[in-house]
Amino acid sequence: MVASVLSLSSCAEEFAEAASGISTKDIAANENDDSYIITVISTLREPLQNWCKDLMKDNSSPAGDKVDNFEISTRSKLLALVQTLLEANKTDDSALIQESIEEVLQFIRGVIDCCVCLTKKPNLGINTSQLRKLPFLLLEDAVDTLPTSLVQIIWRYGAASWLETILCKHGSTFFHQGSRYCLIRMCNKLLKNLSVSAQDEAAHFAGEISMILASVFPLSERSAVNVLGAFHVDAKYQVEYETVDEWMAG
């Protein structure tokens, strides 16, 4: 439905704005300034703002429980936004579809900003490794629950930029082993879904995904190596030329 009622070119600026957030450079420059971190968190939309404040509170709740509750709350909220988007996608209301997509983009980016801020504060005594993996889990949830046409919008205007500039950039603490497995798993699902389609747009999207993987993983990454040395032997191709010279001459 989305392809017929929504012009991506006309919504590009709105989607990009929804996917933008706090400058990570500013956060890094002010990571020792508690007042700045509090200011950043205060700009987040509710209920995310309150969830972040709960994580920062020095209360009797175990640190692990607080992070678990934060993850459950954010993932549940995303699924609620996804449900709204899916319902909007069944209608012919392009404005409603656009608004729902922007809500998803804004929420995921807000969680990323929150996680970036909180992982800069080791004195909170919380499991920052779990927080660093959370953005990848949210993206995977979106991939698992949305049709490819909508995932493509989320990817093009949000996820691709977030992965390259924040989550997977060189030196990022977010890109640890758990996050790597999550990203590979998510991208493999997308590529598998796209492999059944011969459309040019699907091929282009598959290329974008492959480029992201190639840019963030080293050549030695085991998942990209043909460990078993298997190769396809069933396909047969007719070769018109027996030598390179004949091919060049032809």
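All values derive from a computational prediction rather than experimental measurement.

Chemist: Please give an account of the nonpolar core that cites residues and values.
Modeler: Phe70, Trp155, Leu167 and Leu183 are the most contacted members of the largest nonpolar core, which has 73 residues in total. Top element by residues in this core is helix 7 (residues 94-119). It accounts for 13 residues. Setting aside residues up to four positions removed in sequence, Leu183 forms contacts with Phe136, Leu163, Cys168, Phe175, Leu213, Val216 and Phe217.

Chemist: An account of empty space enclosed by the protein is requested, with residue identities and associated values reported.
Modeler: Applying the stated criterion to the full structure yields 1 cavity of 30 Å³ or more. Considering only enclosed or pocket space, the largest cavity measures out at about 50 Å³ in volume. In terms of lining, the largest cavity is formed by Leu139, Ala142, Val143, Val151, Ile154, Trp155, Ala159 and Met186. Split into classes, the residues belonging to the lining of the largest cavity amount to 8 nonpolar, no polar and no charged.

Chemist: Give a description of helix 4 (residues 34-42) that names residues and reports values.
Modeler: Those residues of helix 4 lying buried are Ile37, Val40 and Ile41. In an axial view of helix 4, the angular spread of the buried residues amounts to 95 degrees, which keeps them on one side of the axis.

Chemist: Can you lay out the pattern of salt bridges for me, pointing to particular residues and giving the numbers?
Modeler: A full pass over the atoms with the stated rule returns 8 salt bridges. Put simply, Glu103 and Arg45 hold a salt bridge, and the shortest N to O gap is 3.4 Å. Taken together, the residues Glu103 in helix 7 and Arg45 in the loop between helix 4 and helix 5 (48-56) connect sequence positions 58 residues apart. The class for Glu103 is partly exposed, based on a relative accessible area of 26%. Taking the relative accessible area as the measure of exposure, Arg45 reaches 47% and is therefore partly exposed. With a closest N to O distance of 3.0 Å, Arg109 and Asp113 form a salt bridge. Of this pair, Arg109 and Asp113 both sit in helix 7, 4 residues apart, which is roughly one turn of that helix.

About the cut-offs
Residues numbered from 1 in each chain as written. Predicted model: local features only at pLDDT ≥ 70, side-chain atom pairs only at ≥ 80, totals over all residues. Heavy atoms only, no water. Core = buried A, V, L, I, M, F, W, Y, C linked by side-chain atoms within 4.5 Å. Buried < 20%, exposed > 50% of the residue type's maximum accessible area, 1.4 Å probe, protein only. Helix = DSSP H or I, 4+ residues; strand = E, 2+ residues; numbered from the N terminus. Contact = heavy atoms within 4.5 Å. 1 Å grid on protein atoms, 1.4 Å probe; cavity = no way out; pocket = protein on both sides within 12 Å on 5 of 7 lines; lining within 4 Å. Points joined across faces, edges and corners; volume = space filled by probe spheres on them. Nonpolar A, V, L, I, M, F, W, Y, C, P; charged D, E, K, R; others polar. Arc of directions from axis to C-beta. Salt bridge = Lys/Arg side-chain N within 4 Å of Asp/Glu carboxyl O.

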